[in-house]
Amino acid sequence: MFPSIPLFAVVSAPFKRSQLGLFQGKMKQYGNSVPNSKHKTRRTWLPNVHNQRLFSDTLGQFVRLKVTARALKTIKKHGNIDKYLLNTKPDLLGWEGMRLRVLIRGKQAAAGEVAQAAP
């Protein structure tokens with residue numbers, strides 16, 4: 001059920017900050033600031049990140065996360081945070097997303113065992 005390879009081997013870390021939340025593949029972008037004089041200077045653009053509390057139905061509690069606007073739109077499209085975490089590719093989730101996915105799968109597996117034992 002769970003992958004046998006370590007979690008950190010699955011997830012690459014080109015932009016370390018994106019590993020600590022749900023950034024949906026968004027990273028720091030680089031380019032030039034060009035004024036009227038055409039004197040180009042390097043600058044960066046950071047992702048649109050918000051601190052959010054999202055309710056997990058499986059865990060039964062709120063989860064505090066750093067989430068980009070794109071990830072929030074995708075979570076809304078999937079319906080809730082649990083479905084998003086279970087259906088998204090590991091390279092888009094990052095370390096924090098994979099940690100939450102493992103928690104949710106463990107809780108669902110425990111609930112499934114209890115449901116099978118009851119009847």
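For the structure itself, look to the data block above.
Not measured: the values here are computed from a predicted model. (Residues numbered from 1 in each chain as written. Predicted model: local features only at pLDDT ≥ 70, side-chain atom pairs only at ≥ 80, totals over all residues. Heavy atoms only, no water.)

With that out of the way, let us pick up the packing of aromatic side chains. Applying the stated criterion across every chain yields a total of one aromatic pair. Ring plane angle 70° and centroid distance 5.2 Å describe the contact between Phe 55 and Phe 62, whose orientation is recorded as edge-to-face. Residue classification places Phe 62 among the partly exposed residues on the basis of a relative accessible area of 46%. Lying across the ring of Phe 62, Arg 53 places its NZ or CZ 4.1 Å from the centre. (Phe/Tyr/Trp six-rings, centres within 6.5 Å; stacked < 30°, edge-to-face > 60°. Buried < 20%, exposed > 50% of the residue type's maximum accessible area, 1.4 Å probe, protein only. Lys NZ or Arg CZ within 6 Å of the ring centre and 35° of its normal.)

With that out of the way, let us pick up helix H2 (residues 69–78). All of the buried residues along H2 are Ala 71, Thr 74 and Ile 75. One side of H2 carries all its buried residues, which in axial view fall inside an arc of 105°. The exposed set on the far side of H2, more than 90 degrees from its buried face, consists of Lys 73, Lys 76 and Lys 77. Where H2 is buried, its residues touch strand E3 (49–56), strand E4 (61–68) and helix H3 (81–87). Directly beyond the C-terminal end of H2, a positive phi value near 115° is found at Gly 79. (Helix = DSSP H or I, 4+ residues; strand = E, 2+ residues; numbered from the N terminus. Arc of directions from axis to C-beta. Contact = heavy atoms within 4.5 Å.)

Where E3 lies against E4, eight bridges are found, and the strand directions are antiparallel. From the neighbouring strand, Ser 56 faces E4, where its bridge partner is Gln 61. (Pairing = 2+ DSSP bridges.)

Scope: geometric values only; no functional claims are made or implied.
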